[in-house]
Amino acid sequence: MMNSRYKKARIAALIFCTLGLPLVQGCSSASQDPRVVSAVADKPFYAWFNQLISQIKDDPGYKRLPIDTEAQSNDFLVLLHDTYRHTISKQEFAQRVNSQYPGHQYETDFIVSRLP
């Protein structure tokens, strides 16, 4: 019962990330950050991002990062995009995520291992 509830919540959060982000991006002036617009418009990145979301869904050991606000979501997307495009290193990405979201080393390693 609890596992089912957790799984549904996790799927809802993932759907928000994959489907909600473009909708939120268009609805809020805060999301008009050109870095967010650029990340969402970057087709190779966004295809990779959607594949990452699918891999996360398939991994029962992955625990959701506590990204709960639009600002956090936008910041994380920009950080991920910068890492994908090698603007920052994978090591810097890992350090920033681990400091922002302590206790999520597995999740950070999971994402880093799938970055190009």
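The structure this text deals with has already been given above.
My aim in this report is to walk through the structure given alongside it, one point at a time. (Residues numbered from 1 in each chain as written. Predicted model: local features only at pLDDT ≥ 70, side-chain atom pairs only at ≥ 80, totals over all residues. Heavy atoms only, no water.)

## A closer look at the packing of helix 3 (residues 43–58) against helix 6 (residues 105–114)
The geometry of a pair of packed helices is captured by two quantities: the angle between their axes and the separation between those axes.
Logical step 1: Running from N to C, helix 3 and helix 6 cross one another at 135°; their axes reach a closest spacing of 11 Å. In terms of orientation, helix 3 and helix 6 fall into the oblique class. Seen from above, helix 3 lies across helix 6 with right-handed handedness. Contacts from W48, L52, Q55 and I56 in helix 3 reach F110, I111 and R114 in helix 6.
Logical step 2: Classifying every residue of the contact of helix 3 with helix 6 gives five nonpolar, one polar and one charged. (Axes fitted to C-alpha atoms, helices over the stretch in contact; angles between N-to-C directions. Helix = DSSP H or I, 4+ residues; strand = E, 2+ residues; numbered from the N terminus. Parallel < 35°, antiparallel > 145°, perpendicular 65-115°, else oblique. Left-handed = near helix turned anticlockwise from the far one by under 90°. Contact = heavy atoms within 4.5 Å. Nonpolar A, V, L, I, M, F, W, Y, C, P; charged D, E, K, R; others polar.)

## As for the pattern of salt bridges
In a structure, side chains of opposite charge can pair up when their charged atoms sit close to one another.
Logical step 1: Applying the stated criterion across every chain yields a total of four salt bridges.
Logical step 2: The closest approach of N and O atoms between D42 and R85, which form a salt bridge, is 2.8 Å. Of this pair, D42 sits in the loop between helix 2 (34–41) and helix 3 while R85 is found in the loop between helix 4 (70–84) and helix 5 (90–100), placing the two residues 43 residues apart along the sequence.
Logical step 3: Across the salt bridge formed by D68 and R64, the nearest N and O atoms sit 2.6 Å from each other.
Logical step 4: We classify D68 as exposed; its relative accessible area is 56%.
Logical step 5: The class for R64 is partly exposed, based on a relative accessible area of 36%. (Salt bridge = Lys/Arg side-chain N within 4 Å of Asp/Glu carboxyl O. Buried < 20%, exposed > 50% of the residue type's maximum accessible area, 1.4 Å probe, protein only.)

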